[in-house]
Structure formats: structure tokens, C-alpha cells
Amino acid sequence: MAPQFAPLKNDLILRTARGEKVERAPMWVMRQAGRYLPEYHEAKGTHDFFECCRSPEIASTLTLQPIERFAGLIDAAIIFSDILVIPQAMGMEVVMVDKKGPHFPTPLKSPDDGQYQKIMERKVDVAESLDYVYKAITLTRQKLDGRVPLIGFCGAPWTLLSYMIEGGGSKMFIQVKTWVFKYSDESKALLQKIAELCVEYLALQVQAGAQMVQVFDSWAGELSPTSFKSFSLPYLKYIADHLPSRLQELGLGRVPMTVFAKGAWYALEDLCDTNYDVIGLDWLHDPAQAYKIARAKGKTVQGNADPGVLYGSRESITSVVKEMVAGFGGGKQGWIANLGHGITPLVKPDDLRFYFEELHKYTTP
């Protein structure tokens, strides 16, 4: 039986994502539940990162921290989790190394290394293996009590493939580039498998209570325009094309879908031709130009302040907010205010509060 939740009191972001005219721009920021908050470290305690993800109680507590700290300023929660839970469900070990980030002790070496074949043949049950995510979503929806919508998410196939082959973050992406240019067919087969898992994973997040979903292609900008059309775009499209029908099979309604292809500024028009409702923008985009392109194709945009501005003066923050408000149509239609990437760990929460307050000031009639 589907879980029951309180009626939604603030649906501003959902209306904006659907392209409706709104009273002001909705706002949230990527990684808003995270290390920049003192209360995050208190709630996390001695648990490692993935232990927090696997504990519905801790994950829901962390998800709600920015909603409570910035009450009345913020219009969405995003579940505390990680994009790398899908590779974990596929049988790969991932550990979070302090001050370094995610690490795969045994990354994919080549299609002949034995591990590739095992991953391709493995029947992955994301319902069972990622059950903790769905439990965290349901618990968070109950704790939210209708205050704001809850966003679910996954990593995009290209970005997940990059991590699985590189073994972590990378500056040059030598290993994954070797794969896509030397083992193109094998790479595409794995990208397709990941895309299919993403569809099921997102559908089950919606079933658990997510009211909107986002696909994070964090490493999209490492691909040339031609390579993006071969190794990223088809799999992003697959997710957007198949998620609504999978939701229908589960007896669920369609939810707004966002794609965020960081660094792929050249692909804006191609992304606007997909079935995503919202196109996430990083800070490489000029707000007015991107808004014009997206609105001509009926899309809502999300973004796009440089997260680094939050280390600057109050005047700098105000200036960036004003530029966005002017470029994104004043916040009355087709714009979800966000940063151009996740908030970084050394930001002072009061500076983020000021950013939200300025957005309210300049988008509220």
C-alpha cells in the first residue's frame, strides 16, 4: 500500500517546473544538506558517509536540516543520498575517503578483466538493494508534513561510468576516455544497463514519496559536443523517455524531471529537445541567453550562480542575484533559482541565508 502524506502547503517549485506562471521564483541549492552546516556534523557523529545514507533516520534528519534552518526561504528538500549508490547496487565497492571523496578500490580495468562481464550479467534488484533510500524518502516526506516538496535523484549514466572506470574523481579522465574510444560498444552496453537501472531507481523513489526528480551528469563537460551526443545524451534521453511510462505501470502520476549536465553548455538546445521539464544550468551560461533558448522550447531552467560568490562580499551576492533575476524573466515563469553547482563546504550558512533573502527581495512583488 502506498504511503499516506500530509497535503502540500508549498507547491511553488512543482508549478514552476510545469511551466506555470508563478508569484515568485522558487529556490533551493544543490548539496543544501551538507558539510557547510554545523548541525550536519552533529547529526552525522562518528558514522561514515555511506552509513548516513543507509540510515533512514539519519538521512531524513540531514535532509530536513536546511529546511528548518532556512524556514520560509527555501522551497524544496532533496533527499540526502549519493549518486554512487547505483554502482554499489551493481556490485562494486565504493568507500568515501575523508577529504578526498569517493574511491572504488577495484575499478573496471577493461572489458576482459572479468569484472565487466560479471556486472553486465548481474541481475540488479534496485528495489531490494536500495531499499534504504526509499525508506529514507518515505520517512522524510512524513517529517516534512507538507512544508515543501521532496526531490529524488540519481547520477547520469556517463558520470557513473566515469566513476566506475576512473575509480574516483579525475582531472584528465584518461581511463574512461580510453574505454569510450577503444571499447565503444562495451561502453555503450554498460551505459544502457545503467540507464535502465536509473529509470527503475527513480520510479521507486517516486513510489516512496519523491515529488520531483533530478539526473546529475556531473562530468558531462568532459565530453566534446560530438562525444556527448554518443556517450551521454542518448542515455539521458532514455531516462526521460521511459520514466513516465514506468510510473504509469506502477499506478503513479508523472512528476517533473530535471537534467543537470554540468559543463555541457554546448548541449543546451539538445537538452531542451528532450522530455525533461527542467534544464539545470551551471555558471558558464549567460542567464538571459540560456533563458531565451529554453523558453522558446517551453522549458524551465534551474540555476545558476557561481557557488564561489558565497565566499564574496554581500554586494557581490546581490549583484549576481540581480543579474539572474533580470536574465531569467524576473522569476515569474520558467526559472527555479539555484546555484550553478553544489554549495561548497566552507560557505558560512549566514551567507547562504543572505543569498536566499536577496532572491526573495528581488523576485517577490
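Cut-off values and rules
- For every chain, the first residue of the written sequence is number 1, and numbering continues from 1 onward in sequence order.
- Per-residue local features are limited, in this predicted model, to residues with pLDDT of at least 70; the limit for side-chain atom pairs, both in listing and counting, is 80 or more; totals at the level of whole chains, interfaces and linings are taken over all residues.
- The side-chain quantities take in all heavy atoms of the structure and omit both hydrogens and water.
- A pair of strands is labelled paired if DSSP reports no fewer than 2 bridges between them.
- Runs of E in the DSSP output that reach at least two residues are strands. Runs of H or I that reach at least four are helices, and both are numbered from the N terminus.
- UniProt positions are given in the numbering used here, feature names are shortened, and annotations may be inferred rather than shown by experiment.
- For each residue, the accessible area found with a 1.4 Å probe, counting protein chains only, is set against the maximum for its type, and the residue is called buried under 20%, exposed over 50%, and partly exposed in between.
- Pairs of residues are marked as contacts when any of their non-hydrogen atoms sit within 4.5 Å.

Examining the sheet that holds strand 6 (residues 257-261)
- Sheet architecture is open: seven strands sit in the order 1-4-5-6-7-8-9, paired in parallel fashion. Where the open sheet ends on each side, the last strands, each with one partner, are strand 1 (77-78) and strand 9 (335-339).
- Note that strand 8 (residues 300-305) and strand 9 share five bridges and pair parallel. Its bridge partner being in strand 9, Asn-304 is matched across the sheet by Asn-338.

Concerning the UniProt feature "domain: Uroporphyrinogen decarboxylase (URO-D)" (unreviewed entry) in the protein chain
- In this numbering, the UniProt entry assigns the feature "domain: Uroporphyrinogen decarboxylase (URO-D)" (unreviewed entry) to residues 26-35 and 151-167.
- End C-alpha to end C-alpha, residues 26-35 measures 23 Å, and it is 0% helix and 0% strand.

Focus: the environment of Ala-77
- The topology assignment puts Ala-77 in strand 1.
- Using a relative accessible area of 0% as the deciding quantity, one classes Ala-77 as buried.
- Along the chain, Ala-77 and Met-30 lie 47 residues apart, while their C-alpha atoms are 9.7 Å from each other.
- Setting aside its immediate chain neighbours within four residues, Ala-77 contacts Gln-32, Thr-63, Ile-67, Leu-144, Val-148, Pro-149, Leu-150 and Ile-151.

Examining the pairing of strand 6
- Across the five residues that make up strand 6, a large majority, five, are buried.
- Summarising the sheet, strand 5 (residues 212-217) and strand 6 pair through five bridges and their orientation is parallel. By the bridge assignment, Val-215 is partnered in strand 6 with Val-259.
- The pairing of strand 6 with strand 7 (residues 278-280) spans three bridges and is parallel. Note on strand 7: the bridge partner recorded for Thr-258 is Val-278.

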